[in-house]
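Here's the letter readout for the chains.
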Amino acid sequence: MAPQIERPLSPFMTYRWTLTMVMSIAHRITGVALYVGTLLLVWWLLAAVSGPSAYANFQGFIGSWFGRLILFGYTWALIHHLLSGIRHLVWDLGYGFGPNEREWLTRAALIGSVALTIVIWIIAYAAGGLR
Amino acid sequence: MSGSKSIRTPLGRVRGLGSARAGTGDFWQQRLTAIALVLLIVPAILIVMMMLQRNHAAATQILGSSSVAIVLILFTIASVWHMKIGMQVVIEDYVHNEKIKLASVMANNFFCFAVALASIYAILKLSSGV
């Protein structure tokens, strides 16, 4: 192996953080979080197959404050990744690259994700779930 | 050397260096599964909402109905496919040690496959009677 040569670091840490940069890495982080979170979905389905006691076990966890916290985080990660993904699909079609358009799209995705997460949780509580 | 000119060296060609030429396929499949998920997420969230606070018997009945089962299986396949491609991109971006990269890519494939199979098994078992 050649001796390690000191090379200058790319300025990604010293550059001023813009909204689109933050959303981009948030898209990746929420993606990885959702990837890990599929374990929760698998647990839920296998608990349903395994019988009432296993299912009650799962419900006990998901109803605890810790479980609700994880579920809330998972919901937000899902909605954020969804809206940011739609933003990417719009870009894939070639629209929304102008300086104002992309800021608008990005802001809409961010605000929309928070709003939609809260709306979904309000509906869930209203429907009697997670009392 | 006869034939078309190439800037690739013979050793490079033999060792299979260079692009794997699978990028376009991955790009398209990622978009395809993304659009499928945009369509499937609404019924999926509705199904989860229906299941809240239900006891095991009610939950099993909901999960066992054909339309719910089919939607969830489609959602599972699209999600797992999408997350496999996505995680592979993340691994390729950050892991540069060849051995660890190989192990990570394999682990990613195995994890996604296991999640898909476990989910589909559970859904099918519920819909054909416990």
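Before reading on, note that the structure itself is shown above.
Owing to the predicted nature of the structure, the values given are computational and were not obtained by experimental measurement.

A. Representation of the overall build of chain B within the structure. Counting secondary structure elements, chain B contains five helices and zero strands. Its helices and strands in sequence order give chain B the pattern α-α-α-α-α, from N to C terminus. Scaling as 2.2 N^0.38, a compact globule of 130 residues should have a C-alpha radius of gyration of about 14 Å, whereas chain B reaches 21 Å, well beyond that. A total of 130 residues make up chain B; the buried ones form 36% of that total. Of the roughly 8,400 Å² of accessible surface on chain B, 68% is carried by carbon and sulfur atoms. Across chain B, the centroid of the 11 positively charged side chains sits 6 Å from that of the 4 negatively charged ones.

B. Main features of the overall build of chain A. The number of helices and strands found in chain A is four helices and zero strands. Its helices and strands taken in sequence order, chain A reads α-α-α-α from the N to the C terminus. Seen along its three principal axes, the alpha-carbon backbone of chain A occupies a region of about 60 × 45 × 25 Å. The buried share among the 131 residues of chain A stands at 35%. Long-range contacts, defined as pairs at least 24 residues apart, comprise 69% of the intrachain contacts of chain A with a sequence gap of at least 6. Total accessible area computed for chain A in this model is approximately 8,200 Å², and 72% of it derives from carbon and sulfur atoms.

C. The packing of helix α1 (residues 19-50) of chain A against helix α3 (residues 56-64) of chain B, seen in detail. Orientation of α1 of chain A relative to α3 of chain B, taken along the N-to-C sense of each, is 110°, at an axis distance of 10 Å. Between α1 of chain A and α3 of chain B, the angle falls in the class roughly perpendicular. Residue-level inspection shows Trp44, Leu45, Ala47 and Ala48 of chain A of α1 of chain A in contact with α3 of chain B, the latter providing His56, Thr60 and Leu63 of chain B. A per-class count over the contact of α1 of chain A with α3 of chain B returns five nonpolar, two polar and no charged.

D. Molecular detail of the interface of chain A and chain B. Listed per partner, the contact involves 31 residues of chain A and 36 residues of chain B. Between chain A and chain B the total buried area reaches about 2,800 Å² when both faces are included, carbon and sulfur atoms providing 77% of it. On the surface where chain A and chain B come into contact, there are two salt bridges. Between Asp93 of chain B and Arg28 of chain A there is a salt bridge, with its nearest N and O atoms 2.6 Å apart. Where chain A packs against chain B, one counts six residue pairs in polar contact (both at pLDDT 80 or more). Looking at the side of chain A that touches chain B, the elements with two or more residues in it are α1, α2 (52-63), α3 (65-92) and α4 (99-126) of chain A.

E. Broad picture of the side chain of His80 of chain A. Mapped onto the elements, His80 of chain A comes out in helix α3. The contact partners of His80 of chain A, leaving out residues within four places of it in the chain, are Met23, Ala26, His27, Thr30, Leu110 and Ser113 of chain A.

F. Highlighting the side chain of Thr75 of chain A. All names here are of chain A. Among the structural elements, Thr75 can be located in helix α3. In this structure Thr75 comes out as buried when scored by relative accessible area, which is 13%. For Thr75, the residues in contact, after removing those within four places along its chain, are Thr117, Ile120 and Trp121.

G. Representation of the packing of aromatic side chains. Considering all chains together, one arrives at eight aromatic pairs over all chains under this definition. Considering the side-chain rings of Phe61 of chain A and Phe66 of chain A, the 6.2 Å spacing of their centres and the 80° angle between planes classify their relative orientation as edge-to-face. By relative accessible area, Phe61 of chain A is classed as partly exposed at 23%. For the ring pair Trp65 of chain A and Phe66 of chain A, a centre distance of 5.8 Å and an interplane angle of 70° mean the geometry is edge-to-face. Using a relative accessible area of 42% as the deciding quantity, one classes Phe66 of chain A as partly exposed. Pairwise contacts between aromatic rings join Trp43, Phe58, Phe61, Trp65 and Phe66 of chain A into one cluster. Directly above the aromatic system of Phe27 of chain B lies the positively charged group of Arg31 of chain B, at a separation of 3.8 Å from the ring centroid.

H. Examining a nonpolar patch on the surface more closely. A contiguous nonpolar patch, built from Met13, Trp17, Val22, Ile25 and Ile29 of chain A together with Tyr94 of chain B and spanning about 620 Å² of accessible area, is present on the exposed surface. By the element assignment, Trp17 of chain A lies in the segment before α1.

I. Up close: the nonpolar core. Ranked by size, the top nonpolar core spans 39 residues in total, and within it Trp44 and Tyr55 of chain A together with Met51 and Leu63 of chain B carry the most contacts. For this core, the elements supplying multiple residues, two or more each, are α1, α2, α3 and α4 of chain A together with α2 (23-51), α3, α4 (66-94) and α5 (98-127) of chain B. A per-element tally of this core places α2 of chain B first, with eight residues. Setting aside its immediate chain neighbours within four residues, Met51 of chain B contacts Trp44 and Tyr55 of chain A together with Ala59, Ile62 and Leu63 of chain B. Counting residues in each nonpolar core, the second largest holds 13 residues, with Tyr35 of chain A together with Met83, Ile91 and Val95 of chain B among its members.

Rules of the game
Residues numbered from 1 in each chain as written. Chains lettered and ligands numbered in written order. Predicted model: local features only at pLDDT ≥ 70, side-chain atom pairs only at ≥ 80, totals over all residues. Heavy atoms only, no water. Helix = DSSP H or I, 4+ residues; strand = E, 2+ residues; numbered from the N terminus. Rg over C-alpha atoms; globule rule 2.2 N^0.38 Å. Buried < 20%, exposed > 50% of the residue type's maximum accessible area, 1.4 Å probe, protein only. Areas by Shrake-Rupley, 256 points an atom, 1.4 Å probe, with all protein chains shown as cover. Lys, Arg positive; Asp, Glu negative; His and termini not counted. Charge placed at Lys NZ, Arg CZ, Asp CG, Glu CD. Contact = heavy atoms within 4.5 Å. Axes fitted to C-alpha atoms, helices over the stretch in contact; angles between N-to-C directions. Parallel < 35°, antiparallel > 145°, perpendicular 65-115°, else oblique. Nonpolar A, V, L, I, M, F, W, Y, C, P; charged D, E, K, R; others polar. Buried area = accessible area lost by both parts, 1.4 Å probe. Salt bridge = Lys/Arg side-chain N within 4 Å of Asp/Glu carboxyl O. Polar contact = N/O pair within 3.5 Å; in protein donor to acceptor, adjacent residues only side chain to side chain. Phe/Tyr/Trp six-rings, centres within 6.5 Å; stacked < 30°, edge-to-face > 60°. Lys NZ or Arg CZ within 6 Å of the ring centre and 35° of its normal. Patch = residues over 30% accessible without salt bridge, like charges linked within 9 Å, V, L, I, M, F, W, Y side chains within 5 Å. Core = buried A, V, L, I, M, F, W, Y, C linked by side-chain atoms within 4.5 Å.

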